[in-house]
Amino acid sequence: MKVNRRQFIKIGAGAVGATAFSGLTTRWWGLDKDPVHDPGTEGTKVVPTFCELCFWKCGVLAHVKDGRVTKLKGNPAHPLSRGKLCPRGTGGTGLLYDPDRLKRPMIRVEKRGEQVFEEVSWDAALDEVAGKMLAIREKHGPEALALFTHGFGGSWFSHLIKAYGSPNIAAPSYAQCRGPREVGYWLTFGQGLGSPEAIDMEHTRCLVLIGSHLGENMHNTQVQDMSRAIARGAELVVVDPRFSTAAGKARYWLPIKPGSDIALLLAWMNVIITEKRYDIDYVEKYTTGFDELRAHVADKTPEWAYPHTGIEPERIRETGRFIASFKPASLIHPGRRTTWYGDDTQRIRAMAIVAALLGSWGRRGGYLLPSKMSLPRFPYTAYAYHPREKADRPGSLYPLADETLASGLCDATIPGKSVYDIKAWLVYGTNLLQSLPDPRQTKEAIQKLEFIAAIDVLPVELTGWADVVLPESTYLERCDDLHVARYKEPFIAVRQPVVEPMYDSKPGWWIARELGRRLGLEDYFPWKDSVEYALARVKAGGYDCEELKRTGVIRGKPVPVTEEEGVALSFATGSGKIELYSKPLEMLGHDPMPVYRAPDEPPPGMFRLLFGRSPVHSFGRSTNNRFLALADPENEVWVNASVARDLPGLGGPLKSGELVVLVNQDGVRSQPVKAKVTQRIRGDCVYMVHGFGHTAKGLTFARGRGASDSELITRYKVDPIMGGTGMNVNFVRIERATASTT
Ligand SMILES: Nc1nc2c(c(=O)[nH]1)N[C@H]1C(S)=C(S)[C@@H](COP(=O)(O)OP(=O)(O)OC[C@H]3O[C@@H](n4cnc5c(=O)[nH]c(N)nc54)[C@H](O)[C@@H]3O)O[C@H]1N2
Ligand SMILES: Nc1nc2c(c(=O)[nH]1)N[C@H]1C(S)=C(S)[C@@H](COP(=O)(O)OP(=O)(O)OC[C@H]3O[C@@H](n4cnc5c(=O)[nH]c(N)nc54)[C@H](O)[C@@H]3O)O[C@H]1N2
Ligand code: SF4
Ligand SMILES: [Mo]
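Residues numbered from 1 in each chain as written. Chains lettered and ligands numbered in written order. Predicted model: local features only at pLDDT ≥ 70, side-chain atom pairs only at ≥ 80, totals over all residues. Heavy atoms only, no water.

1. Considerations on the site of ligand 2
Then, in step 1: The environment of ligand 2 is formed by 32 residues, the closest being Asp240, Asp261, Arg337, Tyr341 and His617.
Then, in step 2: Contact between ligand 2 and aspartate 261: a nitrogen atom at 2.7 Å from a side-chain N or O atom of the residue.
Then, in step 3: Interatomic distance of 2.8 Å between a backbone N/O atom of serine 614 and a nitrogen atom of ligand 2.
Then, in step 4: Here ligand 2, which alone exposes 920 Å², has 99% of that area covered by the protein.
Then, in step 5: The class makeup of the residues in the shell around ligand 2 is 14 nonpolar, 10 polar and 8 charged.
Then, in step 6: Viewed by domain, the shell around ligand 2 spans two of them, domain 2 (199–367 + 567–587) and domain 3 (607–736), each represented by three or more residues. (Near = heavy atom within 4 Å. Polar contact = N/O pair within 3.5 Å; in protein donor to acceptor, adjacent residues only side chain to side chain. Areas by Shrake-Rupley, 256 points an atom, 1.4 Å probe, with all protein chains shown as cover. Nonpolar A, V, L, I, M, F, W, Y, C, P; charged D, E, K, R; others polar. Domains from an automatic or database assignment.)

2. Notes on the pattern of salt bridges
Then, in step 1: Under the criterion given, the structure shown has 55 salt bridges.
Then, in step 2: The shortest N-O distance in the salt bridge between lysine 139 and glutamate 450 comes to 3.4 Å. Here lysine 139, found in helix α4 (residues 122–140), pairs with glutamate 450, found in the loop between α16 (439–448) and β14 (451–456); they are 311 residues apart in sequence, far enough to count as distant.
Then, in step 3: Among the ionic pairs, arginine 363 bridges to aspartate 279, the shortest N-O distance being 3.2 Å. Pair noted here: arginine 363 is in the loop between α13 (344–357) and α14 (406–411) and aspartate 279 is in the loop between α8 (261–274) and α9 (280–286), with a separation of 84 residues, a long-range link.
Then, in step 4: According to the relative accessible area criterion, aspartate 279 is buried, its value standing at 14%.
Then, in step 5: Through salt bridges with shared partners, one network takes in Asp123, Asp127, Arg513, Glu514, Arg517 and Arg518. (Salt bridge = Lys/Arg side-chain N within 4 Å of Asp/Glu carboxyl O. Helix = DSSP H or I, 4+ residues; strand = E, 2+ residues; numbered from the N terminus. Buried < 20%, exposed > 50% of the residue type's maximum accessible area, 1.4 Å probe, protein only.)

3. Overview of the packing of aromatic side chains
Then, in step 1: For the structure shown, the criterion picks out 29 aromatic pairs.
Then, in step 2: An angle of 65° between the planes, with centres 5.7 Å apart, marks the rings of tyrosine 286 and phenylalanine 571 as edge-to-face. Of this pair, tyrosine 286 sits in helix α9 while phenylalanine 571 sits in the loop between β18 (553–555) and β19 (578–579); the two residues are 285 residues apart in sequence, bridging distant segments of the chain. For the pair tyrosine 286 and phenylalanine 571, a shared accessibility class is recorded, and that class is buried.
Then, in step 3: On the numbers, 5.4 Å between centres and 75° between planes, the contact of tryptophan 638 with tyrosine 687 is edge-to-face. Residue tryptophan 638 is located in strand β21 (residues 636–640), and its partner tyrosine 687 is located in strand β24 (residues 685–689); the two are separated by 49 residues in the primary sequence. (Phe/Tyr/Trp six-rings, centres within 6.5 Å; stacked < 30°, edge-to-face > 60°.)

4. Section: the sheet that holds strand β6 (residues 145–149)
Then, in step 1: Across the sheet, which stays open at both edges, the 7 strands sit in the order β5-β4-β15-β14-β13-β6-β7 with mixed pairing between neighbours. With one partner strand each, in any of the chains shown, β5 (117–119) and β7 (169–170) form the two edges of the open sheet.
Then, in step 2: Taken together, the 4 bridges between β14 and strand β15 (residues 468–471) define a ladder with parallel strand orientation. Bridge assignment links alanine 454 to a residue of β15, and that residue is valine 469.
Then, in step 3: Relative to β15, α4 is tilted by about 125°, and along the sheet it contacts β4 (106–108), β6, β13 (424–428), β14 and β15. (Pairing = 2+ DSSP bridges. Contact = heavy atoms within 4.5 Å. Axes fitted to C-alpha atoms, helices over the stretch in contact; angles between N-to-C directions.)

5. Points about the site of ligand 3
Then, in step 1: Every residue close to ligand 3 is listed here: Cys51, Leu53, Cys54, Trp56, Lys57, Cys58, Leu85, Cys86, Arg88, Gly89, Met218 and Asn220.
Then, in step 2: Structurally, ligand 3 is housed in the largest cavity. (1 Å grid on protein atoms, 1.4 Å probe; cavity = no way out; pocket = protein on both sides within 12 Å on 5 of 7 lines; lining within 4 Å. Sits in = over half its atoms within 2 Å of the grid points.)

6. Overview of the packing of helix α5 (residues 155–164) against helix α17 (residues 508–518)
Then, in step 1: The interhelical angle for the contact between α5 and α17, taken along N-to-C directions, is 15°, at an axis separation of 8 Å. By the angle between their directions, the pair α5 and α17 is classed as roughly parallel. Two packed elements cross with a definite hand, and for α5 against α17 that hand is right-handed. Counting all contacts with α5, which are made through Trp156, Phe157 and Leu160, the residues of α17 involved are Gly508, Trp509, Ile511, Ala512, Leu515 and Gly516.
Then, in step 2: Partitioning the contact of α5 with α17 into residue classes produces 7 nonpolar, 2 polar and no charged. (Parallel < 35°, antiparallel > 145°, perpendicular 65-115°, else oblique. Left-handed = near helix turned anticlockwise from the far one by under 90°.)

7. A closer look at the packing of helix α11 (residues 302–309) against helix α12 (residues 313–324)
Helix-helix packing is characterised by the crossing angle of the two axes and by the distance between the axes.
Then, in step 1: One can describe the packing of α11 onto α12 by two numbers: an axis separation of 8 Å at closest approach and a directional angle of 115°. Here α11 is positioned roughly perpendicular relative to α12, judged by the angle of their axes. As for the relative orientation of α11 and α12, their crossing is right-handed in sense. The residues of α12 that touch α11, namely those facing Pro302, Glu303, Ala305, Tyr306 and Thr309, are Pro313, Ile316 and Arg317.
Then, in step 2: Looking at side-chain class alone, the contact of α11 with α12 contains 5 nonpolar, 1 polar and 2 charged residues.

8. Section: unusual backbone geometry
Then, in step 1: Residue proline 196 is bonded to the preceding serine 195 through a cis peptide linkage, with omega at -5°.
Then, in step 2: By the element assignment, proline 196 lies in the loop between α6 (172–189) and β8 (206–210).
Then, in step 3: Cis geometry is adopted by the peptide bond preceding proline 328, which originates at lysine 327 and carries an omega value of 0°.
Then, in step 4: Position of proline 328 relative to the elements: it lies in the loop between α12 and β12 (330–332).
Then, in step 5: You will see that lysine 276, though not glycine, has its phi angle at about 50°, which is positive.
Then, in step 6: In this fold, lysine 276 is placed in the loop between α8 and α9.

Following this line, the structure appears as structure tokens:
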């Protein structure tokens with residue numbers, strides 16, 4: 001689609017706003033009343049729905065005029081958007097009208113990965129997929145098929161695959177994202193955080209961000225809460241090897257040596273305990289293992305932590321005291337993508353233990369106790385019982401993992417690596433070649449498959465390797481299941497079709513049902529369409545369907561969420577208390593309390609590769625979005641300014657804007673990418689935004705723009721507690737791009 005001049009100017013203004021963000025402005029960019037990305041005009045029809053540009057699910061008011069979506073605004077009635085969207089959400093029309101969208105079903109005609117397909121009818125494509133699924137079930141059993149799924153529409157396919165009989169369903173949002181966090185908090189407090197996290201950033205007096213880079217990570221509600229808290233005078237402490245956007249707002253920025261957070265956290269515990277700055281009554285009443293913890297950290301002084309973390313003892317002492325002075329309204333943000341170094345569950349445990357010492361779990365300004373509205377499930381035939389264990393962790397290697405490991409299912413596809421082999425993949429809404437570590441290994445696994453089908457909206461790297469590609473309608477063209485949120489304010493939200501599906505795309509519910517019919521599973525799809533399905537659930541729950549359609553959301557009654565509001569704190573751990581000392585970890589042969597072990601040092605001349613988010617992009621899913629690309633068309637590699645002056649082998653100082661190639665420890669070379677020479681990062685690491693450097697032919701805009709961190713992540717450290725893949729363990733050297741590499 002062409003972007004007209006007016007839109008361009010408005011979006012261009014957004015890019016200016018982005019630069020100003022880290023400066024003096026107190027308004028968080030992109031969440032202002034007049035969203036900078038707002039490209040369009042008022043509609044003659046406004047349809048409430050919810051966003052899928054990321055997984056946060058903000059409420060959207062979609063304006064429609066003459067059959068086109070003209071503007072996306074935040075729904076004021078929706079607890080996650082409160083009338084505002086993040087820049088990605090406002091730019092959602094850039095996906096709907098992306099000229100590169102998958103338009104028709106396709107069957108591969110050349111070798112896998114060559115990206116040569118033939119367009120076919122839906123009947124031909126569905127017959128092919130169902131035929132292969134029946135053959136796999138016949139030959140190897142249903143569990144030989146794995147479903148990889150990410151995104152809200154994936155629920156239809158999870159249902160299909162459970163009915164088909166496979167337990168192997170996984171998303172990269174667990175073992176590659178928040179898995180260690182869920183397990184670390186669950187081990188400590190008996191409960192994970194889930195999504196959206198119920199944390200009271202709005203009322204916190206001191207927010208501590210350990211790597212979490214809110215402001216670049218644009219989870220809308222949290223950015224709004226952080227912005228309000230700061231406007232109210234709340235303090236911010238940021239621990240990050242890089243001067244993040246949030247660091248620009250912070251009282252303290254601690255430029256920690258990558259991978260040494262456990263040392264800092266142990267030293268904070270030392271200060272808080274030896275100086276009796278913890279919440280004595282809370283610790284007495286609710287925790288177990290305090291004496292062991294006190295002994296464990298007795299020698300973990302700030303002086304001990306200094307050489308590990310690079311943070312001066314006085315700074316550690318001062319910040320430890322500072323954070324404790326706001327207890328219990330002192331919030332250690334739990335983070336989200338916590339798969340960093342392989343010791344991640346232990347780092348999260350250390351964060352949770354500090355939170356417990358501060359008494360902030362279940363307290364105002366700390367962690368809230370969320371609830372969910374009750375909504376009956378649709379009455380389906382029960383799934384048949386299948387006795388085989390999941391293939392992702394043979395012999396229950398990671399008994400504490402509470403979801404399936406996507407990386408484990410990929411491993412199990414290489415013959416002989418698991419209790420049985422995975423032979424076929426169905427991939428819904430996840431670009432595994434960018435989201436699983438070591439894409440070389442993912443390709444090797446794909447080559448072993450008897451069959452692979454992908455359901456996506458864009459021709460990404462992964463769909464290029466599929467045998468059959470099924471084009472889904474975007475979130476603005478379909479209705480999905482209801483979002484029943486477990487949150488501080490419980491609510492139920494609906495995704496309604498805003499416009500008719502474009503091209504020959506079909507909504508996921510239809511694709512799943514049509515496959516179900518061909519597999520003899522029609523009993524599991526006893527509804528006409530997803531609207532009938534959703535309304536049946538709403539009616540069964542006793543809620544008002546008309547209200548939901550009109551406003552997009554039904555809000556539950558406010559319930560108490562803190563001890564101050566009358567909730568009696570209880571903990572679903574073995575001891576019924578907050579476990580500072582973890583017996584389950586001890587029984588499984590792990591450290592019962594976090595122990596610091598130094599990560600490997602970068603080899604001489606190399607730098608640790610770190611990565612994160614652009615405020616206007618979601619992973620690789622939005623880098624082909626022409627609207628969002630106007631604000632951020634390509635990524636850059638952040639290189640420390642002092643280091644850039646004297647890089648080995650470069651024959652002269654490196655300047656911002658020069659093209660470089662990163663070469664990792666295994667000799668893998670990145671695409672050429674611009675250097676950003678800056679004081680805002682430590683000298684032992686480099687940093688880039690994830691999701692660029694696409695190679696898929698069909699992404700005519702994003703292809704070849706910037707570099708891909710994923711290509712360089714050929715190594716990872718597996719978390720021995722839950723199987724997460726720590727991905728911050730790769731090193732790169734920097735070469736100037738030569739004519740032959742550009
Ligand atoms: N190297 C590296 N790896 C990472 C990360 C990283 O930062 N660096 N981050 C990790 C994290 S935190 C996460 S959560 C995961 C995320 O991993 P993924 O979920 O794989 O994220 P994306 O790469 O955005 O892939 C999403 C895919 O969904 C498609 N899609 C978008 N909307 C729809 C839709 O409505 N329907 C369908 N069917 N498809 C749709 C997009 O076109 C794209 O192909 O990756 C993890 N892996
Ligand atoms: N705009 C936007 N927002 C998003 C997303 C998106 O794609 N785009 N994705 C969403 C998803 S699924 C997730 S999981 C989150 C991810 O966002 P977060 O959970 O906030 O961040 P991470 O990816 O874990 O970490 C990135 C930050 O950690 C710092 N870091 C790296 N190594 C270390 C270390 O050793 N110690 C410390 N203290 N810091 C370190 C990096 O410099 C960087 O600032 O973002 C969410 N929000
Ligand atoms: S945070 Fe942004 S991209 Fe994510 S759901 Fe909300 S508006 Fe959409
Ligand atoms: Mo994530």
